[in-house]
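Residues per chain are reported as follows:
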Amino acid sequence: MAGLATTFGSGAMTNSISDIVDARCILAIGTNTTEAHPIIGMNVRRAVRRGAKLIVANPLEIGLVHDATIWLRHRSGTDVVLLMGMMKVIVLEGLMDISFIDKRCENYDALKESLLDYPLNLVEEITGVPAETVAAAARIYAENSPASILYTMGITQHTHGTDNVMAVANLAMITGNIGKPGSGVNPLRGQNNVQGACDVGALPNVYPGYQSVSDEKAQQKFEAAWGTKLDPKPGMTLSDIIPAAHDGGIKAIYLVGENPSLSDPDGKHVREALRRLDFFAVQDIFLSETALLADVVLPACSFAEKDGTFTNTERRVQRVRQAIEPVGDSKPDWWIICQVAQRMGAKGFDFDSAESIMEEIARLTPSYGGINYKRLESGSLQWPCPTEEHPGTAILHTEIFSRGKGRFVPLTYKPPVEMPDDEYPLVLTTHRSLFQYHTGTMTRKVRGLNIFRKEELVAIHPADAKSLDISDGEMVRVISRRGDVKAKALVTDSSPEGTIAMTFHFAESPTNELTNPAYDPVAKTPELKVSAVRVEKIRQAAASPA
């Protein structure tokens, strides 16, 4: 969110899922849309069938490559160079939208000057994409408006992830592809209510509605509403919390709905940190790998067992209605949290329903001000929706950016922290499978999904497999500076030479034992897309002579 907040003033998806089909061009960068967001992937393919140009920028040969007008197979971690190279072509050939730039944006001259550092021969050398291919993609994007950009964690899970996002924003602004149907910059969230969780303050530096904890007026507003003093100092991010727990700076953690043993980088270090806590409580719907380490497990109920709302990737607030009674002793998350707070002597946690919590959200969060359960009975609403008379907002930044003028940001290429070397000659990048979800806490319990994908696969290019004497289906050991994992080899040219790809769905082959706990300095996102590894064939022991 930090990159778009800097450039646009808001970190959310600018457009709606439904208007993707109205795009004349779609740039899908760092997203395997048909696997991770299959419904949105269907909309992309529908747009292509209607004549849209599709540019896919991805090191892996994902499904959308076969629908693409052009495929930019750049090296992992070179997104800034690729995008700045495209902008260089757009400026040199006069394809920018000068009217939009002059009226709606600022700092263009600084961006333009920074493009001098990206001659196409250098762009080709760093990214591995031929200069003429970069130029062709730039022309397609600039000449086919409205153009939409879709991205996910393929560009954010880097130590320069914020720069990647700002580069995407620069590209959209320089061509005037903001604020109209079929255009925009559209981050696709990795889980169904990530957007909603952030909206209501599940971040260490903001109150609900992205109201800064360091803003004196916001602090006074929430102190009055909650009847307590609030600390104006931002809290810690997850990337700070785990090391602090390991070093003794944090003594207790209350973890809700997360499985960091499998999802966070350097998983062994994460588990060691959690074991060092004086007290560790986990609240979840299943006994996850992380919950097994807890002193106390609080059983939460699933979406089907409770009322509430989800806010999806397009800022759409939707009602969730209880369909079945909670299983066993499980309770809604809000009820558990309120009970814990009350028993610790806290005031203001006397809510009697999810609806009463939503009423407080609307009172304190301007973008949710007009959203309530009564309105949601008639259908979903997209924020900002400031009043009960407001219809909701399908497209952001139509007349003015949230920050006033859109800000161009000059960018310098920063390579990944960990590059291949003689000891670890391959790059590991992580991705997702259509048939399993995130850490597998839920989907691994579905028999039908396990039929389609039941185990981890190490996607390795045929040339790399040949040099290592590895055949398709053989067991291999993947080793990084942090650990090693065993899994089955999948010999395929869907992964480029020099790169292997693995998911992180399987506890039996915990891929994040291998990944590097290096973080973006702004967003604190881990660099899960680039880790240096080596792969070894697991040789069967020779049978003893009779």
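Residues numbered from 1 in each chain as written. Predicted model: local features only at pLDDT ≥ 70, side-chain atom pairs only at ≥ 80, totals over all residues. Heavy atoms only, no water.

## Some words on the sheet that holds strand S14 (residues 381–382)
What the 3 strands build is an open sheet, ordered S12-S13-S14; its pairing is antiparallel. Edge strands, defined here as strands with exactly one partner in the open sheet, are strand S12 (308–311) and S14. Examined bridge by bridge, strand S13 (residues 316–320) and S14 share 2 bridges and lie antiparallel to one another. The partner of Val317 across the bridge, within S14, is Leu381. (Pairing = 2+ DSSP bridges. Helix = DSSP H or I, 4+ residues; strand = E, 2+ residues; numbered from the N terminus.)

## Observations regarding the pairing of strand S17 (residues 457–460)
Each regular strand shows side chains that alternate between the opposite faces of the sheet. The alternating pattern of S17 places Leu457 and Ala459 and Val458 and Ile460 on opposite faces, both of which are buried. With 4 bridges connecting them, S17 and strand S19 (residues 484–491) associate as parallel partners. By the bridge assignment for S19, Ala459 is matched with Leu490. Inspection of the sheet shows S17 paired to strand S20 (residues 499–502) by 2 bridges, in the antiparallel sense. Looking at the pairing, Ala459 lines up with Ala501 of S20. (Buried < 20%, exposed > 50% of the residue type's maximum accessible area, 1.4 Å probe, protein only.)

## Description of the packing of aromatic side chains
A complete count under the given rule lists 7 aromatic pairs for this structure. By way of ring pairs, the aromatic residues Phe8, Phe100 and Phe401 are connected into one cluster. Over the face of the ring belonging to Trp383 we find Arg315, whose NZ or CZ atom lies 5.9 Å from the ring centre. Here the guanidinium or amino end of Lys331 rests over the ring plane of Trp335, the centre of that ring lying 5.3 Å away. (Phe/Tyr/Trp six-rings, centres within 6.5 Å; stacked < 30°, edge-to-face > 60°. Lys NZ or Arg CZ within 6 Å of the ring centre and 35° of its normal.)

## Quick notes on the domain arrangement of the chain
According to the domain assignment, the chain consists of domain 1 (2–188), domain 2 (194–382) and domain 3 (426–537). Taking only C-alpha atoms, the centre of domain 1 and the centre of domain 3 are 27 Å apart. Of the residues lining the interface, 20 residues belong to domain 1; the matching set on domain 3 comes to 23 residues. Buried surface at the junction of domain 1 and domain 3, both sides included, amounts to about 1,700 Å², of which 57% is carbon and sulfur. Counting across the interface, domain 1 meets domain 3 through 0 salt bridges. Only helix H2 (33–36), helix H9 (153–156) and helix H10 (161–174) provide two or more residues apiece to the side of domain 1 that touches domain 3. (Domains from an automatic or database assignment. Contact = heavy atoms within 4.5 Å. Buried area = accessible area lost by both parts, 1.4 Å probe. Salt bridge = Lys/Arg side-chain N within 4 Å of Asp/Glu carboxyl O.)

## Some words on helix H4 (residues 79–92)
In a regular helix each residue adds 1.5 Å, so 14 residues correspond to 20 Å; H4 covers 20 Å between its end C-alpha atoms and thus fits that length. H4 sits mainly inside the fold: 13 of its 14 residues count as buried. Just past H4, the residue Gly94 takes up positive phi, approximately 65 degrees. (Expected span 1.5 Å × (residues − 1).)

## Observations concerning unusual backbone geometry
Geometrically, the link from Ser145 to Pro146 is a cis peptide bond, its omega value of 5 degrees lying close to zero. Going from Trp383 to Pro384, the amide bond is cis rather than trans, its omega being 0 degrees. Looking at the element boundaries, Pro384 is found in the loop between S14 and strand S15 (406–407). The residue Asn107 is not glycine, and still its phi comes out positive at about 70 degrees. Here Asn107 lies in the loop between strand S4 (105–106) and helix H6 (108–114). Assessed through its relative accessible area of 27%, Asn107 is described here as partly exposed.

## Quick word on the sheet that holds strand S18 (residues 475–479)
Strand order in the closed barrel formed by 6 strands is S16-S20-S17-S19-S18-S23, and the pairing between neighbours is mixed. Across the sheet, the mean angle from the axis of one strand to that of its neighbour is 45 degrees, orientation sign disregarded. (Axes fitted to C-alpha atoms, helices over the stretch in contact; angles between N-to-C directions.)

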